[in-house]
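Topology and contacts: notes
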Amino acid sequence: GRHDEAVPLLRMTLDAREREGTKSSEWITAANNLAGTLSQAGELDEAAEVFRTAIACSCRVLGKQHPLSLKAQSNLVVILHKLGKWTEAKQLQGELVPLLEQRFGSTAPSTRKAAEFLTLLEKESFGRKRKNAS
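Residues numbered from 1 in each chain as written. Predicted model: local features only at pLDDT ≥ 70, side-chain atom pairs only at ≥ 80, totals over all residues. Heavy atoms only, no water.

With respect to the pattern of salt bridges
Applicable threshold: Whenever Lys or Arg places a side-chain nitrogen within 4 Å of a carboxyl oxygen from Asp or Glu, that contact is recorded as a salt bridge. The numbering of helices and of strands both runs from the N terminus, where a helix is a DSSP run of H or I of at least 4 residues and a strand a run of E of at least 2. Working definition: with a 1.4 Å probe on protein chains only, accessible area under 20% of the residue-type maximum means buried, over 50% means exposed, and in between means partly exposed.
Applying the stated criterion across every chain yields a total of 2 salt bridges. Of the charged contacts, one joins E49 and R52 as a salt bridge, the two residues approaching to 3.2 Å between their closest N and O atoms. Of the two residues, E49 and R52 both sit in helix α3 (residues 44–61), 3 residues apart, roughly one turn of that helix. Exposure remark for E49: the relative accessible area of 46% places this residue in the partly exposed category. Close ionic contact of R52 with E88 constitutes a salt bridge, the shortest N to O distance being 2.6 Å. Of this pair, R52 sits in helix α3 while E88 sits in helix α5 (residues 86–104), placing them 36 residues apart in sequence. Of the residues examined, R52 reaches a relative accessible area of 26% and is grouped as partly exposed. Through salt bridges that share partners, E49, R52 and E88 make up one connected network.

So, in structure tokens, the structure goes:
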């Protein structure tokens, strides 16, 4: 992709939304888009920070179970996992699964996928603990 061109444009969009004075769903969407592009460009630390800001705003403005809040939290978990912040990723995913169950039901594809990823994170965590204990 052309992330080097997209990131400045997405920053401008986010700045324009910020100047409007309220952090609306449009601002949250712009923040999520910027964070996703930063992630694709390999800027994982910055992407994580933008996702954290978007999540905080989205939860406050739209609620924890809003699809934008849930998507940003899911994306942050993936980034934390890539950064090797497994404990934080597992904790956040553990919070996400019940929210998805409440919002979409336990049999929804997004809920099942999130629960499977939580199981993977738990297995990885257990494997790291066993390896470190040896």
